[in-house]
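Here's the letter readout for the chains.
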Amino acid sequence: MGKITLDFAWIFPGQGSQHVGMGNDIFLDSEIAQNYFEKAHDILGYDIQSIILNGPNETLRKTLYTQPSIYILSVIIGKILISKGIRPLVVAGHSLGEYSALAISGAFSFSSGLKIVKIRAEQMELASKSKTGTMAAIIGLNIDKIIELCSSNKTNEIVVPANFNSPNQVVISGSEKGVLDITEKAKKEGAKLTIQLNVGGAFHSPLMKTARVFLAEALDSIKFSDTICPIYTNADAKPHSTSLKIKDLLLKQLESPVLWSQTITAIKEDMKIIDFIEVGPGKVLSGLNKRINRTLKTIRVGTLEEINNINV
């Protein structure tokens, strides 16, 4: 894979990148991984390693388990890279991935971050059960048109843009009827494809409001530090390093859209970076980078082989 310099942005995946068995090769080889899994067991109070490695998939994809699983593995991989002398120039994370990015950039410890993620996952799952909702991806329709469709909704059904993933892909979130109505309108407006996502609720929408109080308490309960490198945050697609500002934006993220396409574009334009490392399971963010800007180069690092292929 060649020599890796510091001129890389590290990006961290969110829900949807998980799969049963992820990280098994890393756990078997790495003392860092084994130590972090022990800490995770103590914090969570259950055997998350068994769920990650053995599933079943129906269990792993529940928000309650998905979020801690991806956070744990992503931070482990990031820590292993740092132990090899590789460090990011800037970081960002997609939704849940923002917590992984913050742990790696020094905003809080692995343990503190996992405590927050645990509460976030629990409360988002509870919010989803109390007010059922869903999400859908709209592909091939102008972003402004999708925003207009959501804004023009005059019913009592909630539906909002949730993820701006690329110039041609926006995820909407809200009540099941609201999301269905907008996807049907999007098709009539010329959307190439609409896909209802297999998620547990209407994330990044007002339907997550009930989780806000508990997440705020969790964020107040831990120590935040200024970061060692800038983090581009989901809520505003701008770089930050001060602990108070990051904390505020992390809470805002719960109900606000993920400005991912804007974030990647800003990193490229502000930092003059075209080289990215996707730190964690899957290849979702690598795929999005291709759609955001084809000049970007993204290395995936989610397995032991991919870690060992990186040289400094």
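Structure's up top.
All values reported here derive from a predicted model rather than from experimental measurement. Per-chain numbering applies: the sequence of each chain, read as written, is numbered from 1 onward. In keeping with the model being predicted, local features are shown solely for residues with a pLDDT of at least 70 and side-chain atom pairs are shown and tallied solely at 80 or more, while totals for entire chains, interfaces and linings include all residues. Working from all heavy atoms in the structure, the side-chain values ignore hydrogens and water.

Moving on, we get to the sheet that holds strand β10 (residues 297–301). Taken together, the six strands give an open sheet; going across it, the order is β8-β7-β2-β1-β9-β10, and neighbouring strands pair in mixed fashion. The two strands at the open ends of the sheet, each matched to only one other strand, are β8 (239–240) and β10. Two strands make a pair as long as DSSP finds a minimum of two bridges between them. Only DSSP runs of H or I covering at least 4 residues are called helices, and only runs of E covering at least 2 are called strands; the numbering of each starts at the N terminus. In the sheet, strand β9 (residues 275–279) pairs with β10 via five bridges, with the strands oriented parallel. Bridging from a neighbouring strand, D275 pairs with K297 of β10. Any two residues whose heavy atoms approach within 4.5 Å are treated as being in contact. Helix axes are fitted only over the stretch in contact, all axes being lines through C-alpha atoms; the angle between N-to-C directions runs from 0 to 180 degrees. Running at roughly 155 degrees to β9, helix α13 (residues 284–292) makes contact with β1 (9–12), β9 and β10 of the sheet.

Contact geometry of helix α5 (residues 63–83) with helix α6 (residues 97–104) gives a least axis separation of 9 Å together with a crossing angle of 30 degrees. Classified by the angle their axes make, α5 and α6 are roughly parallel. In this structure, α5 crosses over α6, and the sense of that crossing is right-handed. Mapping the contact onto sequence places I70, Y71, S74, V75, G78, K79 and I82 in α5 and Y99, S100, A103 and I104 in α6. Should an angle lie under 35 degrees it is considered roughly parallel, over 145 roughly antiparallel, and from 65 to 115 roughly perpendicular; all remaining angles are considered oblique. Rotating anticlockwise by less than a right angle from the far helix to the near helix defines a left-handed crossing, while the corresponding clockwise rotation defines a right-handed one.

Let's shift gears to the environment of Q123. If you trace the backbone, Q123 turns up in helix α7 (residues 110–130). For Q123, a relative accessible area of 13% puts it in the buried group. Distance in space between the C-alpha atoms of Q123 and F214 is 7.2 Å, their sequence separation being 91 residues. Ignoring sequence-local partners within four residues, the contact set of Q123 consists of A211 and F214. Think of it in three bands: residues with accessible area under 20% of the maximum for their type are buried, residues over 50% are exposed, and the middle band is partly exposed, with areas taken using a 1.4 Å probe on protein chains only.

Further remarks concern the pairing of strand β4 (residues 159–166). Here β4 lies mainly inside the structure; seven of its eight residues are buried. Relative to strand β5 (residues 169–174), β4 runs antiparallel, the two being bridged by six bridges. Paired with F164 across the strands is V170, a residue of β5. Turn length for the β4-β5 hairpin, with the two strands adjacent in sequence and antiparallel, is two residues.

Glancing now at a positive patch on the surface. Residues K283, K290, R291, R294 and R300 make up a contiguous surface patch of positive charge. Relative to the assigned elements, K290 resides in helix α13. By relative accessible area, which is 54% here, K290 ends up exposed. Surface patches are drawn from residues lacking salt bridges whose relative accessible area is over 30%; two like charges belong together within 9 Å, two nonpolar side chains (Val, Leu, Ile, Met, Phe, Trp, Tyr) within 5 Å. In these tables, accessible area is a Shrake-Rupley quantity obtained with a 1.4 Å probe, and a residue counts as shielded only by the protein chains included in the view. Salt bridge, as used here, is a side-chain nitrogen of Lys or Arg placed within 4 Å of a carboxyl oxygen of Asp or Glu. A positive count includes Lys and Arg, and a negative count includes Asp and Glu. His and the chain ends are not counted in either. To locate a charge, take NZ of a lysine, CZ of an arginine, CG of an aspartate or CD of a glutamate.

Let us now look at the pattern of salt bridges. Overall, the coordinates contain eight salt bridges when judged by the stated rule. Residues R212 and E255 are paired through a salt bridge, measuring 3.3 Å at the closest nitrogen-oxygen approach. Placement of the pair is R212 in helix α10 (residues 209–220) and E255 in the loop between α11 (243–253) and α12 (260–271), with a sequence separation of 43 residues. On the basis of relative accessibility, which here comes to 34%, the residue R212 falls in the partly exposed class. A salt bridge links K247 to D220; the shortest N-O distance between them is 2.9 Å.

Attention now moves to the environment of S95. Of note, S95 is situated in the loop between β2 (90–93) and α6. Taking C-alpha positions, S95 is 6.5 Å from V258, a pair spaced 163 residues apart along the chain. Beyond its immediate stretch of four places on either side in the chain, S95 contacts R120, H204, N234, Q253 and V258. Counting of polar contacts relies on pairs of N or O atoms within 3.5 Å, with two restrictions inside protein: one atom must be capable of donating a hydrogen and the other of accepting it, and residues adjacent in sequence are counted only when both atoms are side-chain atoms. Among the polar contacts listed, one links the side chain of S95 to the side chain of H204, at a separation of 2.6 Å.

Relative to the assigned elements, D236 resides in the loop between β7 (231–232) and β8. Taking the C-alpha atoms as reference points, D236 and Q262, separated by 26 residues in sequence, lie 8.6 Å from one another. Not counting chain neighbours up to four residues away, the residues in contact with D236 comprise L249 and L259. Only 2.7 Å separates the side chain of D236 from the side chain of H240, close enough to count as a polar contact.

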